[in-house]
Amino acid sequence: MTITDIATEAAKLVENGDATLLGQCARRAVDEVAAEYFPLVRTEMRIPKNGAIDFGDFTFLPRRIYAVTCRGKAVAYTYTADGLTVSETRPVRVTYAYLPPVGDEAIVSPSVPLRTLAYGTAAEYCLLSGLYDDAALWDKRFRDSLVRLNRRGRRLPQRRWL
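Residues numbered from 1 in each chain as written. Predicted model: local features only at pLDDT ≥ 70, side-chain atom pairs only at ≥ 80, totals over all residues. Heavy atoms only, no water.

### Observations regarding the packing of aromatic side chains
Thinking step 1. The tally for this structure, following the rule as stated, stands at six aromatic pairs.
Thinking step 2. Aromatic side chains Y119 and W138 sit 5.7 Å apart centroid to centroid with 25° between the ring planes, which places their arrangement in the stacked category. Remark: W138 occurs in helix α4 (residues 132-149) and Y119 occurs in helix α3 (residues 114-128); sequence separation between them is 19 residues. Neither Y119 nor W138 differs from the other in exposure class; each is buried.
Thinking step 3. Among the aromatic residues, ring-to-ring pairing joins F58, F60, Y96 and Y98 into one connected group. (Phe/Tyr/Trp six-rings, centres within 6.5 Å; stacked < 30°, edge-to-face > 60°. Helix = DSSP H or I, 4+ residues; strand = E, 2+ residues; numbered from the N terminus. Buried < 20%, exposed > 50% of the residue type's maximum accessible area, 1.4 Å probe, protein only.)

### Regarding unusual backbone geometry
Thinking step 1. Phi is positive for N50, which is not a glycine, with a value near 55°.
Thinking step 2. When you line up the elements, N50 lands in the loop between β1 (40-46) and β2 (52-54).
Thinking step 3. A positive phi angle, near 55°, is found at R71, a position not held by glycine.
Thinking step 4. Here R71 falls in the exposed class, since its relative accessible area comes to 69%.

### A few points about helix α1 (residues 3-13)
Thinking step 1. Among all positions of α1, only I3, I6, A7, E9, A10 and L13 are buried. The buried residues of α1 occupy an angular sector of 165° when the element is viewed end-on, so they sit on one face.
Thinking step 2. Here the buried face of α1 lies against α2 (19-37), α3 and α4. (Arc of directions from axis to C-beta. Contact = heavy atoms within 4.5 Å.)

### What to know about the sheet that holds strand β3 (residues 62-70)
Thinking step 1. The strand order across the open sheet built from four strands is β1-β7-β3-β4, with neighbouring strands paired in antiparallel fashion. In this open sheet, the two strands that pair with only one neighbour each are β1 and β4 (73-74).
Thinking step 2. Two elements, β1 and strand β7 (residues 92-98), share seven bridges in a ladder whose sense is antiparallel. Within β7, the position partnered with E44 by the bridge is V94. (Pairing = 2+ DSSP bridges.)

### Let's talk about the environment of T4
Thinking step 1. Structurally, the position occupied by T4 is in helix α1.
Thinking step 2. Here the alpha-carbon distance between T4 and A26, two residues 22 residues apart in the chain, equals 8.1 Å.

### Structural notes on the pairing of β3
Thinking step 1. Bridge count between β3 and β7: six bridges; the pairing is antiparallel. Across the sheet, residue A67 finds its bridge partner in β7, namely T95.
Thinking step 2. Sheet topology note: the β3/β4 ladder contains two bridges and is antiparallel. Each bridged residue has a counterpart across the sheet, and for C70 the counterpart in β4 is K73.
Thinking step 3. The hairpin formed by β3 and β4 contains two residues between the paired strands, and R71 there has a positive phi angle of roughly 55°.

### Things to note about the state of the cysteines
Thinking step 1. Taken as a whole, this structure holds zero disulfides when the rule is applied.
Thinking step 2. You can see C25 has no disulfide; the closest cysteine sulfur is in C126, sitting 8.9 Å from it.
Thinking step 3. Look at C25 and you get buried, because its relative accessible area is 0%.
Thinking step 4. When its relative accessible area of 1% is taken as the criterion, C126 is described as buried. (Disulfide = S-S within 2.5 Å.)

### Focus on the pattern of salt bridges
Thinking step 1. In total, this model carries eight salt bridges according to the counting rule given.
Thinking step 2. Between E9 and R115 there is a salt bridge, and its shortest N-O distance comes to 2.7 Å. In this pair, E9 is assigned in helix α1 and R115 in helix α3, connecting sequence segments 106 residues apart.
Thinking step 3. A salt bridge links K140 to D144, with the nearest nitrogen and oxygen atoms 2.8 Å apart. (Salt bridge = Lys/Arg side-chain N within 4 Å of Asp/Glu carboxyl O.)

In structure tokens, the structure reads:
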């Protein structure tokens, strides 16, 4: 699935949609799903240099660190401005969440269908276009679709309008 696919599907939902703006809104919808609802999680082995691991050493920029382990045991760590400080000198396994990289490829959980992302895109587009009633409608459909997809039954965070 690509950003273009999502924008094209959302264009069917809103009338006279600007393709460039729909593409930007699709990117925001993908980022929101990955950041708040279905995080992209990756585990990588890293070797600390003087007890520090730079964020630039990771394949993707970490958004949230879930765990740092060494040989199956938890390792204490702290955030710094440009990485992590760990209490270990041996290679550690870091599990982290990240946002999808910028590009036309929409990297999201396979359980999130194109239609759900199109709802989120339409909501963003209507909001930016000043169509607040339509934005509320599409946002409700977007959130309802995400609730149905959320099989764990956890409560979804409240979406904030800027």
